[in-house]
Amino acid sequence: MEFQNSCVPSGEVIRCAIYARTASEHQFGNHCTDRQIDLCKAAARMRGWTVVENYIRADRGNPGTSLRGRRRLQQLITLAVTNPRPFDYLICDSVNRVSWRLGHFSAIVDTLTHNGVGLYFVKDNLYISALRSNDRFYILSDFDRAGQERLRHSETKCQEACATQATVEATLGRLPG
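A brief structural summary.

1. Notes on the state of the cysteines
Piece 1. Scanning the model with the defined rule gives zero disulfides in all.
Piece 2. Left without a disulfide partner, Cys 16 is nearest to the cysteine sulfur of Cys 40, which lies 9.6 Å away.
Piece 3. Not part of a disulfide, Cys 40 finds its nearest cysteine sulfur in Cys 92, a span of 6.4 Å.

See below:
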């Protein structure tokens with residue numbers, strides 16, 4: 001899919017922030033958030049975008065059903081409304097990293113896009129961006145059945161890796177000395 005960026009004037013560098021989140025204590029280790037961040041960085045590189053290292057944030061052990069306890073996402077939202085804004089896009093591994101609830105998701109998207117910050121969701125290949133001519137946002141996606149299958153397989157592998165890591169950490173914690 002050809003994507004015309006509406007957040008950044010043609011020819012300018014696209015600066016990106018990254019947000020990652022784990023939902024439970026079983027995913028509490030850095031492994032899953034580090035993997036999400038790596039995927040986001042790779043997606044940015046493929047598009048020729050620049051990741052601003054100072055704006056990479058991760059919340060760990062939060063189910064994503066509200067903004068409560070998600071201090072790092074709140075930091076990025078606060079930064080997005082400053083002028084001049086420090087980044088043009090917020091990249092996340094998938095839509096559910098922002099929120100599982102449509103109302104929360106919509107409010108976050110509205111705040112970001114209203115302030116000229118677009119969102120890109122790597123696994124969904126989903127862009128949400130503000131239109132310059134008005135305050136509406138638009139969504140572009142080429143997510144297909146093959147993409148859905150890759151997403152399911154990838155999430156299963158990450159859940160298995162995180163569960164294995166949690167088991168190893170729990171076992172090591174019970175060993176003497």
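2. Concerning the packing of aromatic side chains
Piece 1. Tallied over the entire structure, the rule returns six aromatic pairs.
Piece 2. Pairing Trp 49 with Tyr 89 gives two aromatic rings, centres 4.8 Å apart and planes at 20°, and the pair type is stacked. Of the two residues, Trp 49 is situated in the loop between α1 (30-47) and β2 (50-59) and Tyr 89 in strand β3 (residues 89-92); the sequence distance between them amounts to 40 residues.
Piece 3. These aromatic residues form a ring-pair network of at least three members: Trp 49, Tyr 89, Tyr 120 and Tyr 127.

3. Digging into the packing of helix α2 (residues 71-80) against helix α3 (residues 102-114)
Piece 1. Between α2 and α3, the least distance of the axes is 9 Å, while the angle of their chain directions is 30°. Classified by the angle between their axes, α2 and α3 sit roughly parallel to one another. Of the two elements, α2 crosses α3, and the hand of that crossing is left-handed. Contacts from Leu 73, Ile 77 and Ala 80 in α2 reach Ile 108, Thr 111 and Leu 112 in α3.
Piece 2. Each residue belonging to the contact of α2 with α3 can be placed in one class, and the counts come to five nonpolar, one polar and no charged.

4. Examining the nonpolar core
Piece 1. With 20 residues, the main nonpolar core has Leu 76, Phe 87, Leu 90, Leu 112, Leu 119, Phe 121 and Ile 128 as its most contacted residues.
Piece 2. Of all the secondary structure elements, the ones that give two or more residues to this core are β1 (15-21), α2, β3, α3, β4 (118-121) and β5 (126-130).
Piece 3. Excluding residues within four positions of it along the chain, Leu 119 makes contact with Tyr 89, Leu 90, Val 109, Leu 112, Thr 113, Leu 126, Tyr 127 and Ile 128.
Piece 4. Grouped together as the second largest cluster of nonpolar side chains are 17 residues, Ala 44, Trp 49, Val 51 and Val 122 included.

5. Quick notes on α3
Piece 1. The first and last C-alpha atoms of α3 sit 17 Å apart over 13 residues, in line with the 18 Å expected at 1.5 Å per residue.
Piece 2. Buried within α3 we find Phe 105, Ile 108, Val 109, Leu 112 and Thr 113. Buried residues along α3 cover an arc of 120° about the axis, so they all sit on one side.
Piece 3. Looking one or two places after α3, you find Gly 116, whose phi comes out positive at around 85°.

6. Looking at the pattern of salt bridges
Piece 1. Considering all chains together, one arrives at five salt bridges under this definition.
Piece 2. A salt bridge links Lys 41 to Glu 53, with the shortest nitrogen-to-oxygen separation between them at 3.5 Å. Taken together, the residues Lys 41 in helix α1 and Glu 53 in strand β2 connect sequence positions 12 residues apart.
Piece 3. When the shortest N-O distance is used, the salt bridge between Asp 93 and Lys 123 registers 3.3 Å.

7. Focus on α2
Given 3.6 residues to a turn, an α-helix orients residues that are three or four positions apart in the same direction.
Piece 1. When α2 is considered as a whole, its buried residues turn out to be Leu 73, Leu 76, Ile 77 and Ala 80. Seen end-on, α2 carries its buried residues on one side only, within an arc spanning 100°.
Piece 2. Turning to α2, the residues buried within the fold contact β1, β2, β3 and α3.

8. Let's talk about the pairing of β4
Piece 1. Residues Gly 118 and Tyr 120 line one face of β4 and the alternating positions Leu 119 and Phe 121 line the opposite face, and both faces are buried.
Piece 2. Bridge analysis of β3 against β4 gives four bridges, and the strand direction is parallel. In the sheet register, Tyr 89 faces β4, and the bridge partner there is Gly 118.
Piece 3. Traced from β3 through α3 to β4, the parallel crossover comes out right-handed.

The rules behind the values
- Residues numbered from 1 in each chain as written.
- Predicted model: local features only at pLDDT ≥ 70, side-chain atom pairs only at ≥ 80, totals over all residues.
- Heavy atoms only, no water.
- Disulfide = S-S within 2.5 Å.
- Phe/Tyr/Trp six-rings, centres within 6.5 Å; stacked < 30°, edge-to-face > 60°.
- Helix = DSSP H or I, 4+ residues; strand = E, 2+ residues; numbered from the N terminus.
- Axes fitted to C-alpha atoms, helices over the stretch in contact; angles between N-to-C directions.
- Parallel < 35°, antiparallel > 145°, perpendicular 65-115°, else oblique.
- Left-handed = near helix turned anticlockwise from the far one by under 90°.
- Contact = heavy atoms within 4.5 Å.
- Nonpolar A, V, L, I, M, F, W, Y, C, P; charged D, E, K, R; others polar.
- Core = buried A, V, L, I, M, F, W, Y, C linked by side-chain atoms within 4.5 Å.
- Buried < 20%, exposed > 50% of the residue type's maximum accessible area, 1.4 Å probe, protein only.
- Expected span 1.5 Å × (residues − 1).
- Arc of directions from axis to C-beta.
- Salt bridge = Lys/Arg side-chain N within 4 Å of Asp/Glu carboxyl O.
- Pairing = 2+ DSSP bridges.
- Right-handed = clockwise from strand over helix to strand, strands pointing away.

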